[in-house]
Amino acid sequence: QEVGELTAVSLTTLEMKIISEDRPYSLPVVAPDGSQIIYWSNGEAFSWMTDGSVVKRPFPQFRSGAISADGQNITLLMSGEVRIYNLVNNELIALSKESNCPGDGFCFPVWHPDNTRVAYNVYIPENMPPFALQLLSLDGTFQQFDGVGFPAFSPEGDLMAVYQNVNNRPETAIIQLDTGEKTVTPFQGIPLYWDDLINE
């Protein structure tokens, strides 16, 4: 997205196509398979498909989000809330418990490999440290993991790498999702992506 324009560029011909000239101060959401992007323009939400067609979406104004790997659902961040919509019928499926995601760019939603849950950071001022990670399911239930954030799931989905800061020491930890057991690794920093290189 250039200043004031959302633009698609062909990597084959380098041809540029302007999708929207409006700058809505929100990040377009790109489907994992590259089939579409969902963006906000002139007070409305749209899907731009790779064939050049445009589909209007009845989504409220959002700041950012993520589409599940199966392309069925999208999570959108707006006004501190995390919402999950179905991309087939555009219906609202689930809503975060409370508006506790200040600065929507802080949430960083990440879909679980099973496509039924999405993880995101939340800010809880009364906690120390004042942040946590929530895992919202399509049925509206959620798990909360205090003191950690920035999730990355293992390919099988049974483990979740997270960032935590203990006594000003940044750490990368691994959480077993079925038990909640946490193991601190010797690594330091924010996990970005988990790839099972051993099985390749």
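Refer to the structure above for everything that follows.
Residues numbered from 1 in each chain as written. Predicted model: local features only at pLDDT ≥ 70, side-chain atom pairs only at ≥ 80, totals over all residues. Heavy atoms only, no water.

Student: Help me understand the side chain of Ser 68, please; the structure alone is not making it clear to me.
Tutor: By secondary structure assignment, the location of Ser 68 is in the loop between β7 (64-67) and β8 (73-78). Using a relative accessible area of 0% as the deciding quantity, one classes Ser 68 as buried. Setting aside residues no more than four positions away along its own chain, Ser 68 makes contact with Pro 32, Asn 73, Trp 111 and Asn 115. (Helix = DSSP H or I, 4+ residues; strand = E, 2+ residues; numbered from the N terminus. Buried < 20%, exposed > 50% of the residue type's maximum accessible area, 1.4 Å probe, protein only. Contact = heavy atoms within 4.5 Å.)

Student: In this structure, what is going on with the environment of Gln 144? I would like to understand it.
Tutor: Tracing the sequence through the fold places Gln 144 in strand β14 (residues 142-146). Given a relative accessible area of 35%, Gln 144 falls into the partly exposed group. Through-space distance from the C-alpha of Gln 144 to that of Leu 133 is 5.7 Å; in sequence the pair is 11 residues apart. Excluding anything up to four places from it in sequence, Gln 144 contacts Ile 124, Ala 132, Leu 133 and Gln 134. In terms of polar contacts, Gln 144 uses its side chain to reach the side chain of Gln 134, at 2.9 Å. (Polar contact = N/O pair within 3.5 Å; in protein donor to acceptor, adjacent residues only side chain to side chain.)

Student: Can you help me understand the pairing of strand β12 (residues 117-123) in this one?
Tutor: Where a strand is regular, its side chains alternate between the two sheet faces. Most of β12 sits inside the fold, with six of its seven residues counted as buried. Relative to β12, strand β11 (residues 110-111) is paired through two bridges, and the arrangement is antiparallel. Looking at the pairing, Trp 111 lines up with Val 118 of β12. Joining the antiparallel neighbours β11 and β12 is a turn of five residues, in which Asn 115 adopts a positive phi near 65°. (Pairing = 2+ DSSP bridges.)

Student: I tried to follow the sheet that holds strand β15 (residues 149-153) on my own but got confused; where do I start?
Tutor: In a beta sheet, neighbouring strands are held together by backbone hydrogen bonds and run either parallel or antiparallel to one another. Strand order in this open sheet of four strands is β15-β16-β17-β18, and the pairing throughout is antiparallel. Looking at which strands have only one partner, the edges of the open sheet turn out to be β15 and β18 (182-184). Averaged over all pairs of adjacent strands, the angle between their axes in this sheet comes to 30°, without regard to strand direction. Where strand β16 (residues 159-166) and strand β17 (residues 169-176) come together, eight bridges link them in antiparallel fashion. For Val 162, the partnering residue across the bridge sits in β17 and is Ala 173. (Axes fitted to C-alpha atoms, helices over the stretch in contact; angles between N-to-C directions.)

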